[in-house]
Amino acid sequence: MEKKHQLTIIALPDITFGGVEKLRTKIERFGRIERTTYNGARTLAYLVDGHKRGVYLYYDLWLSPGEKQRELSRVLDEDSNVLRYLLVIDEEVSEDENI
């Protein structure tokens, strides 16, 4: 059963539109993207891999638990445009489904 997740990515500050689209295509291989938010470049609180700035991308997506999550994490770890990411289950939606 798929669960709704929130994925936050901090990408390289000089990522191109094409780079963002390639990243989205990679993510779509693992689940259905419901919404994408591009918040642009922001100053980071501390250096991340030597970068003072990063581009924030937010995705609401539906993933099957287990292997798909691990595989998506592996792909994001290997992507040179990704500085950091955080993938969490959207608890509000998941709890509502169980009612």
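Note that this is a predicted model, so its numbers are computed, not measured.

Peer 1: Hey, could you run me through helix α2 (residues 67–78) in this one?
Peer 2: Because the α-helix completes a turn every 3.6 residues, residues three or four places apart line up on one side. The terminal C-alpha atoms of α2, which comprises twelve residues, lie 17 Å apart, in line with the 16 Å expected from a rise of 1.5 Å per residue. The set of residues buried in α2 consists of Gln69, Leu72, Ser73, Val75 and Leu76. Down the axis of α2, the sector holding all buried residues measures 165 degrees, keeping them to one side. Exposed residues lying more than 90 degrees from the buried face of α2 are Arg70, Asp77 and Glu78. Each element contacted by the buried residues of α2 is listed here: β1 (3–11), α1 (17–28), β3 (51–63) and β4 (82–89).

Peer 1: Got a minute to help me understand the nonpolar core in this structure?
Peer 2: When a protein is soluble and globular, its nonpolar side chains tend to lie buried together. One finds Ile9, Ile27, Leu57, Tyr59 and Leu61 to be the most contacted residues of the largest nonpolar core, which totals 18 residues. When residues of this core are traced back to their parent elements, those giving at least two are β1, α1, β3 and α2. Counting residues per element, this core draws most heavily on β3, which supplies five residues. By size, the runner-up hydrophobic cluster in this structure holds six residues, among which are Ile10, Val48, Tyr56 and Leu83.

Peer 1: Looking at this model, I keep getting lost on the side chain of histidine 5. Mind explaining?
Peer 2: Mapped onto the secondary structure, histidine 5 falls in strand β1. A polar contact is formed between the side chain of histidine 5 and the backbone oxygen of lysine 3, at a distance of 2.8 Å.

Peer 1: Help me out: how do you make sense of the pairing of strand β2 (residues 31–48) in this one?
Peer 2: Looking along a regular strand, one sees the side chains alternate between the two faces of the sheet. As paired elements, β2 and β3 share twelve bridges and run antiparallel to each other. In the sheet register, arginine 42 faces β3, and the bridge partner there is glycine 54. Hairpin connection from β2 to β3: two residues lie between these consecutive antiparallel strands, with aspartate 49 at a positive phi of about 50 degrees.

Rules used in this analysis
Residues numbered from 1 in each chain as written. Predicted model: local features only at pLDDT ≥ 70, side-chain atom pairs only at ≥ 80, totals over all residues. Heavy atoms only, no water. Helix = DSSP H or I, 4+ residues; strand = E, 2+ residues; numbered from the N terminus. Expected span 1.5 Å × (residues − 1). Buried < 20%, exposed > 50% of the residue type's maximum accessible area, 1.4 Å probe, protein only. Arc of directions from axis to C-beta. Contact = heavy atoms within 4.5 Å. Core = buried A, V, L, I, M, F, W, Y, C linked by side-chain atoms within 4.5 Å. Polar contact = N/O pair within 3.5 Å; in protein donor to acceptor, adjacent residues only side chain to side chain. Pairing = 2+ DSSP bridges.

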